[in-house]
Amino acid sequence: MADQTHVLFVEDDDVIREATQLALERDGFAVTAMPDGLSGLDAFRANRPDIALLDVMVPGLDGVSLCRRIRDESTVPVIMLSARADSIDVVLGLEAGADDYVTKPFDGAVLVARIRAVLRRFGHAGGVAQDESASEVGGGTLSFGELEIDTDGMEVRRAGQPVALTPTEMRLLLEFSSAPGTVLSRDKLLERVWDYGWGGDTRVVDVHVQRLRQKIGQDRIETVRGFGYKLKA
């Protein structure tokens, strides 16, 4: 298991859980599958997986609450699984700290592609290359008012105080800081930050921008209606 990417999969439907576990294992992942949120939390703490797949509607501790508990302890990437694309559960999961979501029923190949895309962004093991977005921005410290971004140490400070960002939030901030004052569309951010080579749900971008604003200052990222977002220089 040490040489494999370890996936924690929490799903209460026996058929979906077993079929998905087999599919992921065929693609080379090591999988710990749990039927409810409480056992999923125990498995997370015991095994420290590389990525977590959490169904929204699981007993004991629902997927959104489980995501929040995981995010309190770790920046490990989290993908939520939701039965309805237009469900409020999608937004709740993203607000709880999830990095992406996949709608059920899902194609196994699509799920694997989304997992690998997330892992590439996070630079995890298992044949996943380290991300290079920081080098694209350049080394040193960038300053925007009271906001300081150390692109070498991957650290952020606001008014001298450290700001804890998830890797996805950090990538999003790096994209903005690489072109301050330039409007970046939601589609462009999906492509650059989420590694989407296909159309994606722009709610993922909107929720992450809102989470980032809460940490670096509500006024630092400006909404340009009809176009996207930009970082105030």
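Residues numbered from 1 in each chain as written. Predicted model: local features only at pLDDT ≥ 70, side-chain atom pairs only at ≥ 80, totals over all residues. Heavy atoms only, no water.

1. With respect to helix 4 (residues 88-95)
Note the cut-off: Residue exposure (1.4 Å probe, protein chains only): buried if accessible area is under 20% of the type maximum, exposed if over 50%, otherwise partly exposed. Strands are runs of DSSP state E lasting at least 2 residues, helices are runs of H or I lasting at least 4, and numbering of each runs from the N terminus. Working rule for contacts: check all heavy atoms of both residues, and any pair within 4.5 Å makes them a contact.
If you check which residues of helix 4 are buried, you get Asp89, Val90, Val91, Gly93 and Leu94. The elements touched by buried residues of helix 4 are helix 3 (63-73), strand 4 (78-82), strand 5 (100-103) and helix 9 (203-216). With its phi angle positive at about 120°, Gly97 sits one or two positions after the end of helix 4.

2. Some remarks on the pattern of salt bridges
Short version of the rule: Here, a salt bridge means any side-chain nitrogen of Lys or Arg that lies within 4 Å of a carboxyl oxygen of Asp or Glu.
For the structure on display, the rule yields 14 salt bridges. The partner of Glu169 in a salt bridge is Lys215, and the shortest N-O contact between them spans 2.7 Å. Taken together, the residues span a long stretch of sequence, with Glu169 in helix 7 (residues 167-178) and Lys215 in helix 9 at a distance of 46 residues. Given a relative accessible area of 1%, Glu169 falls into the buried group. A relative accessible area of 29% places Lys215 in the partly exposed class. Taken together, the salt bridges that share partners define one network made up of Glu11, Asp55 and Lys104.

3. Some words on the pairing of strand 11 (residues 228-231)
Heads up, the condition is: For two strands to pair, DSSP has to find at least two bridges joining them.
In the sheet, strand 10 (residues 221-224) pairs with strand 11 via four bridges, with the strands oriented antiparallel. Counted as the bridge partner of Ile221 is Leu231 from strand 11. Between the antiparallel neighbours strand 10 and strand 11 lie three residues, among them Gly226 with a positive phi of about 85°.

4. Some details on the nonpolar core
Threshold: Among buried residues, the Ala, Val, Leu, Ile, Met, Phe, Trp, Tyr and Cys ones that are joined through side-chain atoms within 4.5 Å form a nonpolar core.
By size, the foremost hydrophobic cluster in this structure holds 49 residues, and its most contacted members are Leu54, Met80 and Phe176. Here the element with the most residues in this core is helix 9; it accounts for six residues. Not counting chain neighbours up to four residues away, the residues in contact with Leu54 comprise Val10, Gly63, Leu66, Cys67, Ile70, Val78, Ile79, Met80 and Leu81. Val7, Phe9, Phe29 and Ile79 belong to the second-largest nonpolar core, a separate cluster that totals 16 residues.

5. Describing the pairing of strand 8 (residues 155-158)
Bridging between strand 7 (residues 147-150) and strand 8 involves four bridges; their strand directions are antiparallel. Bridge pairing links Asp150 to Glu155 in strand 8. In this antiparallel pair of consecutive strands, strand 7 and strand 8, the connection spans four residues, and Met154 shows a positive phi of 55°. With three bridges connecting them, strand 8 and strand 9 (residues 161-163) associate as antiparallel partners. Within strand 9, the residue paired with Arg157 across the bridge is Pro162. Hairpin connection of strand 8 to strand 9: two residues between the antiparallel strands, including Ala159 at a positive phi of 55°.

6. What to know about the sheet that holds strand 4
The criterion, for reference: Axes, fitted as lines to C-alpha atoms, cover a helix only where it is in contact. Angles between the N-to-C directions of the axes lie from 0 to 180 degrees.
Strand order in the open sheet made by the five strands is 2-1-3-4-5, with parallel pairing throughout. Edge positions in the open sheet fall to strand 2 (30-34) and strand 5, since each of these has one partner strand only. Each strand axis lies, on average, 20° off the axis of its neighbour in the sheet, ignoring direction. Pairing of strand 4 with strand 5, which is carried by four bridges, proceeds in the parallel orientation. If you follow Leu81 over to strand 5, its bridge partner there is Val102.

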